[in-house]
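# Coordinates in review
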Amino acid sequence: MLPTIRQLQYLKLLAEHGAFGKAAEAAHVTQPTLSAGIQELERTLGAPVVDRARSGVILTPVGEEALRRATVILNEAEELVEAAKNAGQPLAGRFRLGVIPTIAPFLLPGALALLRDRFPRLRLFLREDLTQRLISQLKAGRLDAALIALPYDMSGLEWAPVVDDELLAAVPADHALAGLSSISPDALERENLILLEDGHCLREHALSACRLNPPRMGSGEEPFAATSLPTLVQMVASGLGVTFLPGMAVSAGLVSGVNIAIRPIDAENPVREIVVAWRAGSNRRAEGRLLAAVLQDVCEPG
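Scope of this entry: the structure provided in the associated data block. Not measured: the values here are computed from a predicted model.

### A short note on the environment of E273
By the element assignment, E273 lies in strand β11 (residues 271-279). Note: C-alpha distance between E273 and E189 (84 residues apart in sequence) is 23 Å. If sequence neighbours within four positions are ignored, E273 has contacts with I148, A149, L150, P161, V163 and D164.

### Focus: the pairing of β11
Among the nine residues that make up β11, seven are buried, leaving the element largely enclosed by the rest of the structure. Bridge analysis of strand β5 (residues 145-150) against β11 gives five bridges, and the strand direction is antiparallel. Looking across to β11, one finds that L150 is bridged to E273. Relative to β11, strand β6 (residues 157-172) runs antiparallel, the two sharing nine bridges.

### Considering the pairing of strand β9 (residues 243-246)
Every second residue of β9 is oriented toward a common face, with T243 and L245 on one face and F244 and P246 on the other, all of them buried. As paired strands, β6 and β9 are joined by four bridges and run antiparallel to one another. Residue pairing for β9: L168 is matched across the bridge by L245.

### A closer look at the layout of surface pockets
Taken as a whole, the largest pocket spans an internal volume of roughly 470 Å³. Residue lining of the largest pocket: 20 residues in total, with K12, L13, E16, E78 and R94 positioned closest to the centre. Considering each element in turn, the lining of the largest pocket owes the most residues, six residues, to helix α1 (residues 5-17). Of the residues that constitute the lining of the largest pocket, the class distribution is seven nonpolar, five polar and eight charged. If you add up the space inside the second largest pocket, you get close to 160 Å³. Lining of the second largest pocket is provided by F106, L107, V163, D164, D165, G247, M248, S251, A252 and C299. Elements supplying a minimum of two residues to the lining of the second largest pocket: α5 (104-118), β6 and α10 (247-251).

### Brief notes about the nonpolar core
By size, the foremost hydrophobic cluster in this structure holds 73 residues, and its most contacted members are L147, I148, L229, F244 and V276. With seven residues, β6 is the largest single contributor of residues to this core. With residues near it in sequence (within four places) discarded, L229 still touches T102, F106, L196, L202, L245, P246, A249 and L254. One finds L8, A23, A66 and L67 within the second-largest nonpolar core, a separate group that totals 20 residues.

### Examining unusual backbone geometry
That bond from L150 to P151 is cis: its omega, 10°, falls within 30 degrees of zero. Unusually for a residue other than glycine, H28 sits at a positive phi of about 60°. Inspection of the secondary structure puts H28 in the loop between α2 (20-27) and α3 (31-45).

### As for the side chain of T102
Mapped onto the secondary structure, T102 falls in the loop between β3 (93-99) and α5. Residue classification places T102 among the buried positions, given a relative accessible area of 4%. Filtering out sequence-adjacent residues up to four positions away, T102 remains in contact with L196, H200, L202, L229, P246, M248 and R272.

### Some remarks on the packing of α2 against α3
When two helices pack together, their arrangement is given by the angle between their axes and by how far apart the axes lie. Interhelical geometry of α2 versus α3 gives an angle of 100° and a closest axis separation of 8 Å. In this view, α2 runs roughly perpendicular relative to α3, as classed from their interaxial angle. In this structure, α2 contributes F20, G21, A23, A24 and A27 to the contact, and α3 contributes Q31, L34, S35 and I38. For the contact of α2 with α3, the class distribution of residues is six nonpolar, three polar and no charged.

What counts as what
- Residues numbered from 1 in each chain as written.
- Predicted model: local features only at pLDDT ≥ 70, side-chain atom pairs only at ≥ 80, totals over all residues.
- Heavy atoms only, no water.
- Helix = DSSP H or I, 4+ residues; strand = E, 2+ residues; numbered from the N terminus.
- Contact = heavy atoms within 4.5 Å.
- Buried < 20%, exposed > 50% of the residue type's maximum accessible area, 1.4 Å probe, protein only.
- Pairing = 2+ DSSP bridges.
- 1 Å grid on protein atoms, 1.4 Å probe; cavity = no way out; pocket = protein on both sides within 12 Å on 5 of 7 lines; lining within 4 Å.
- Points joined across faces, edges and corners; volume = space filled by probe spheres on them.
- Nonpolar A, V, L, I, M, F, W, Y, C, P; charged D, E, K, R; others polar.
- Core = buried A, V, L, I, M, F, W, Y, C linked by side-chain atoms within 4.5 Å.
- Axes fitted to C-alpha atoms, helices over the stretch in contact; angles between N-to-C directions.
- Parallel < 35°, antiparallel > 145°, perpendicular 65-115°, else oblique.

Okay, structure coming up:
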């Protein structure tokens, strides 16, 4: 006897919702049906997979391991169904794409229009989040691909390049550095350097590309940090400091009408590499590469 796909789905929903009633509702079955499926799974495995407590359902160690393996099996089964439905039709049907916030609003508008024209049967579901969480969802099978920036730890993933995005210096328009044709990392470091808060990979990309340490005050805390690029731009325009901005954001008009001067950075290679990533071995590999090629067309000058 082997567990069925349906039993594994019940286990996954039970882990997600923490209660038999809610899991049954999500599975569109009655609670006794779901409970019977879990009991049959336990008989097949020869051990309990859940502890039933007043506070809800808790997975046993066997249940945790079963859930880990079930997630892989269910992901493969879902991909099998999608591949069969869309055989010979690339980028057709459901495709779940994650995108980081420092790329999404600047690259996607043009990309979505082009994808709609070239692949009218594509049903694209977008999730915007930080790199770490997108990669976790990618490895867990909740995303088919992710549009992220390197360098980053890509173990267990494959990827295709899209474009090298130049990092630029942004300073108040009336700042002394605005009079220079380019700005060195050392000159920026001597100013009040404002960065995005921890968790945004653009922060690490900028510091790494320019070989800088994070700005610190005497207390060990940063003087300022921003939660988003638009906030970062407003902080610089208000004279609070200087920063780095991605070239694609500047080209998309992020600083239009704002009292900010943009200058190249006088460093060896101040760029971040934009890529489309997917799980190693995924059968969405060909579609990931095709998506990257479409995005390359969007990024081409003119």
